[in-house]
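Coordinate analysis (summary)
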Amino acid sequence: MDINIVKQKDEKDPLSKFRAHFHHPKNELYFDGNSLGKLPLKAQQTLHEIIQNQWGEGLIRSWNTHWLDIPKKIAAKYAQLLGAEKEEICIGESTSVRLYQILHALMSSGLFPKQLTTDILNFPTDLYVMEGLVKVFKISPISLISYSNEVEADIKKLKKFIANHSGIICLSLVSYKSAFLYPMQLLNRWAAKHSSIIVWDLSHAVGAVAVDLKETETKIALGCTYKYMNGGPGSPAFLYVNKGVQSKLFNPIQGWFGHQLPFDFEREYTPAQGIDRFASGTPSILSMAAMEAGVDLVLEAGIESLRHKSILQSELLLKMVQAELIPLGFLIESPIESEYRGSHVSLSHPASWQICQALLAGSKLQPKIIPDFRPPNFIRFGITPLYTQYKDLLVLVNTLKTIMNTERYLNFSTEKTTVT
Ligand SMILES: Cc1ncc(COP(=O)(O)O)c(C=O)c1O
């Protein structure tokens, strides 16, 4: 591919202006926005202001003047993005904790059989949380559906299982390894028809694909905000609970912030009405405040435009991979059809770990390139349309070609470190 072609694409890109809203470390290309999004410049200013003025000067008074409203303000923005009502989203805790809370609430509600199902494409924490609940409720083990590969779910198999085993199903809308994108509405309807409910983990979907929770008839969803939403390391998760089921579900962590009157310090716990009952303890104000710049940028760019650019960029990358990298021993581990793919592209190679290390190290002639590695041998390249440029994709493919042709990857150890 000619560099001028990709440069032209960047020049014509209507979203190119959003790059300037982020901090970019020098001489490196970032393809890990699907793990941790970049720092929005505005988040830096916001945190500085809060730390200096609101915490430093205002101290306890800042709860009334600024802080108590922050969770709801952010929730309303996530609601706008996800096609929900603002009274259906709450912000706080991690995705793992939220999943525990909501699955516990569903299992205690009596609305569905206490049968937990997931599939092999789901993220490990979701499986661990479910297995923990199996112990708490003393029920039979989770049903873990597997498929013929780790790339795509066999929707027919999944539907057949649901039809025969009613209960509570947890799926990741976009799979963390392959980016497989599930047909959300079809599965929600199928589950409802078979007295079941799907809890959707949107961690790899929010900010990457257009999700309309109402249109897809979703009842429960949750997810991380530190990936495509650029909320910052460990930024609080979001939880969506459809209005129709809120009053039937109770938070197993009965903390004062989920009380109807938290500041009356009553002796008895009375759950708040609506979504507020899913709060537990004091919100993490600094992390929540840092999240706002990220969601604002996604809303300003528009999720449809972001998705459009993500598809164009992923298709270009896949085309170059097919032409240049398949002959060098790489395999594509993401669905080829964009309709079934989120916003990252996964490749595999028997020497994936070493290839990742060679990318991360850079060289005299090439920038450092940051992807990530997932066992057994997947390399994921996150496309983040708010800041990924077309020319980055060409540099990536050319660098991989050089690393393979010069066998530079063989200089790197096969020993794995903790975070990649
Ligand atoms: C699909 C999915 N769910 C959950 C998590 C973990 O979320 P948390 O660390 O907020 O519990 C991740 C983290 O990458 C993820 O990819």
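This text follows the structure it describes.
The model shown is predicted, which means the values in this text are computed figures rather than measured ones.

As for the sheet that holds strand β9 (residues 331-332)
Reading across from one edge, β9-β10-β13-β12 is the order of the four strands in this open sheet, with antiparallel pairing throughout. Two strands lie at the open edges of the sheet, namely β9 and β12 (372-374), each paired on one side alone. In terms of strand pairing, strand β10 (residues 344-348) meets strand β13 (residues 378-382) through five bridges, oriented antiparallel. Each residue of the ladder has a partner; that of S346, found in β13, is R380. Each of β10, β12 and β13 is contacted by helix α12 (residues 352-361), which is oriented at about 40 degrees to β13, the strand it contacts most.

A closer look at the site of the ligand
Neighbouring the ligand are 13 residues; T95, S96, D201, Y226 and K227 lie closest to it. T95 places a main-chain nitrogen or oxygen 2.9 Å from an oxygen atom of the ligand. Between the ligand and Y226, the relevant distance is 3.0 Å, taken from an oxygen atom to a side-chain nitrogen or oxygen of the residue. Taken by itself the ligand offers 400 Å² of open surface, and the protein chains cover 85% of this. At the level of elements, α5 (95-109) and α6 (124-137) are the ones that each hand at least two residues to the shell around the ligand. In terms of residue class, the shell around the ligand is made up of three nonpolar, seven polar and three charged.

A word on the pattern of salt bridges
This structure, assessed with the given rule, holds 15 salt bridges. Here D372 makes a salt bridge to R374, at a shortest N to O gap of 3.6 Å. Each of the two residues, D372 as well as R374, counts as buried. When salt bridges with common partners are traced through the structure, they connect E85, K86, E87, E88, K214 and K243 into a single cluster.

Parameters and conventions
- Residues numbered from 1 in each chain as written.
- Predicted model: local features only at pLDDT ≥ 70, side-chain atom pairs only at ≥ 80, totals over all residues.
- Heavy atoms only, no water.
- Pairing = 2+ DSSP bridges.
- Helix = DSSP H or I, 4+ residues; strand = E, 2+ residues; numbered from the N terminus.
- Contact = heavy atoms within 4.5 Å.
- Axes fitted to C-alpha atoms, helices over the stretch in contact; angles between N-to-C directions.
- Near = heavy atom within 4 Å.
- Polar contact = N/O pair within 3.5 Å; in protein donor to acceptor, adjacent residues only side chain to side chain.
- Areas by Shrake-Rupley, 256 points an atom, 1.4 Å probe, with all protein chains shown as cover.
- Nonpolar A, V, L, I, M, F, W, Y, C, P; charged D, E, K, R; others polar.
- Salt bridge = Lys/Arg side-chain N within 4 Å of Asp/Glu carboxyl O.
- Buried < 20%, exposed > 50% of the residue type's maximum accessible area, 1.4 Å probe, protein only.

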